[in-house]
Amino acid sequence: MSVGVLGAGAFGTALAISLGQTAPVLLWARDAKQAQLMHQNRENKARLPGFFLPANVVVTSNLADLQKCDVLLLAVPAQKLRQFLRGVDQMVAGKTLVACCKGIELETGMGPVDIAREICPQSEHAILTGPSFANDIAKGLPTALTLACANPNRARDLQQELSNSTLRLYRTTDVTGAQLGGALKNVIAIACGAAIGARLGESARAALMTRGNAEMQRYAQFKGADPATLSGLSGFGDLVLTCTSDLSRNYRFGLSLGAGKAFDPETTVEGAATACAVARDARENALDLPILSVVAALVENRLDVADAMATLLSRSLKEE
Ligand SMILES: NC(=O)C1=CN([C@@H]2O[C@H](COP(=O)(O)OP(=O)(O)OC[C@H]3O[C@@H](n4cnc5c(N)ncnc54)[C@H](O)[C@@H]3O)[C@@H](O)[C@H]2O)C=CC1
Ligand SMILES: O=C(CO)COP(=O)(O)O
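Residues numbered from 1 in each chain as written. Chains lettered and ligands numbered in written order. Predicted model: local features only at pLDDT ≥ 70, side-chain atom pairs only at ≥ 80, totals over all residues. Heavy atoms only, no water.

**What about the UniProt feature "binding site: substrate" (unreviewed entry) in the protein?**
Alright, step 1. Taking the numbering used here, the UniProt-annotated feature "binding site: substrate" (unreviewed entry) corresponds to Lys102, Arg249 and Asn250. In three dimensions, the annotated residues from a span of 149 residues occupy one location, with a maximal C-alpha spread of 12.6 Å.
Alright, step 2. If you trace the backbone, lysine 102 turns up in the loop between strand S7 (96-99) and helix H4 (112-119).
Alright, step 3. Not counting residues up to four positions away in its chain, the partners in contact with lysine 102 are Ala78, Thr129, Gly130, Ser132, Gly182, Ala183, Lys185, Asn186, Asp238 and Glu270.
Alright, step 4. Its place among the elements puts asparagine 250 in helix H10 (residues 249-259).
Alright, step 5. Each residue touching asparagine 250, except ones within four places of it in the same chain, is listed here: Asn186, Ala189, Ile190, Val269, Glu270 and Gly271. (UniProt positions renumbered as here; feature names shortened; annotations may be inferred. Helix = DSSP H or I, 4+ residues; strand = E, 2+ residues; numbered from the N terminus. Contact = heavy atoms within 4.5 Å.)

**Section: the packing of helix H7 (residues 175-197) against H10**
Alright, step 1. Axis separation between H7 and H10 bottoms out at 6 Å; the angle between their running directions is 40°. Considering only the axes of H7 and H10, their crossing is right-handed. Of the residues in H10, those touching H7 at Asn186, Ala189, Ile190, Cys192, Gly193, Ala194, Ile196 and Gly197 are Asn250, Tyr251, Phe253, Gly254, Leu255, Leu257, Gly258 and Ala259.
Alright, step 2. Looking at side-chain class alone, the contact of H7 with H10 contains 10 nonpolar, six polar and no charged residues. (Axes fitted to C-alpha atoms, helices over the stretch in contact; angles between N-to-C directions. Left-handed = near helix turned anticlockwise from the far one by under 90°. Nonpolar A, V, L, I, M, F, W, Y, C, P; charged D, E, K, R; others polar.)

**As for the site of ligand 2**
Alright, step 1. The local shell around ligand 2 holds 13 residues, among which Lys102, Lys185, Asp238, Ser248 and Asn250 are the closest.
Alright, step 2. In the environment of ligand 2, an oxygen atom lies 3.0 Å from a nitrogen or oxygen atom belonging to the backbone of serine 132.
Alright, step 3. Between an oxygen atom of ligand 2 and a side-chain N or O atom of aspartate 238, the distance comes to 2.7 Å.
Alright, step 4. Among the elements of the structure, helix H9 (233-244) and H10 are those that each provide at least two residues to the shell around ligand 2.
Alright, step 5. Tallying contributions element by element places H9 first for the shell around ligand 2, with three residues.
Alright, step 6. For the shell around ligand 2, the per-class residue count stands at four nonpolar, five polar and four charged. (Near = heavy atom within 4 Å. Polar contact = N/O pair within 3.5 Å; in protein donor to acceptor, adjacent residues only side chain to side chain.)

**Some thoughts on the packing of aromatic side chains**
A ring pair, where both rings are aromatic, is described by two values, the distance of the centres and the angle of the planes.
Alright, step 1. Enumeration over the complete set of coordinates arrives at three aromatic pairs.
Alright, step 2. Judged by centre distance (6.2 Å) and plane angle (25°), the ring pair of tyrosine 219 and phenylalanine 222 falls under stacked. A residue pair is termed a helical-turn pair when its members lie 3 or 4 positions apart in one helix, as tyrosine 219 and phenylalanine 222 do in helix H8 (residues 202-222) at three residues.
Alright, step 3. Look at tyrosine 219 and you get buried, because its relative accessible area is 3%.
Alright, step 4. Owing to a relative accessible area of 38%, phenylalanine 222 belongs among the partly exposed residues under this scheme.
Alright, step 5. Residues phenylalanine 253 and phenylalanine 263 carry aromatic rings whose centres are separated by 5.4 Å and whose planes lie at 70° to one another, so their mutual orientation is edge-to-face. Of this pair, phenylalanine 253 sits in helix H10 while phenylalanine 263 sits in the loop between H10 and helix H11 (270-284), and the two are 10 residues apart along the sequence. (Phe/Tyr/Trp six-rings, centres within 6.5 Å; stacked < 30°, edge-to-face > 60°. Buried < 20%, exposed > 50% of the residue type's maximum accessible area, 1.4 Å probe, protein only.)

Here it is, written out as structure tokens:
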């Protein structure tokens, strides 16, 4: 199996570094100058400084070079995936596409695998997701991830091929559950960051994580996923990581919302658009998703953090 990584951001670069320890990897960057610099310097100074690309990794901006790969990891942000795939659909047809992004498309409510399936119907589709900061993967620290593919035999092959001595993949056929876990945990991380940023305390964060987890399971069930998938690495595992670490951009975005500080608009924060997509679905289908919906209201500046918390706390009392 020969692997290509499409997208040379922090995560695509980290995956290339890890997989490149044992096999050749092609890493595609859209910017020709950036690709050339990365290839020469053996470092992605812009997105993942301080980590060096093993000799096995070839960086290119020429999509035609990826023709020889049979597995392509899609590491562009979820909101950009459709536009990106539309431009490369001929080249990727028939290859196995492994989405490595975490989000729900704002306009359509679709996850990355749903989008890839729609645009590239002749390809095989999978998603790689779970608790894994780019820095940790690039450092070679132990990381466990979920590989979801509807075809169980292909899931086994991919699990085998993409695992190595520090990346340990677990497999599932529940693609919908896996893509929802990775997308929704980002929204809850924004809520947790906002609570901590507004000095509402660690107990509030624990409550948001736990009730957020319940909302993730409820929404996943509504979308036809197995709620148990959300208790695995792609759901609970990534929820814990992202809601408790300053390394998470979603969490940091929440911190700045809570503290009333500005946040760099160029930073990839997948949970913001995802919150709005899910909140719309909740409204249209009368789903009870209070935390996910309140984050959408925060992101859209319809509520401030104090009002958001008051909204959550004033709801009628419920059975757990
Ligand atoms: N950074 C991390 O620790 C992790 C990130 N992820 C996921 O990986 C995905 C990508 O995130 P990062 O690499 O961290 O983001 P990043 O912000 O570091 O990089 C994004 C990359 O996408 C490229 N890009 C943006 N728009 C594009 C377009 N229209 N066409 C082609 N390429 C485009 C950019 O040039 C950039 O190289 C996100 O969905 C994120 O949730 C998943 C696990 C860990
Ligand atoms: O998904 C991640 C870790 O698993 C990275 O989270 P952020 O996108 O919030 O940085």
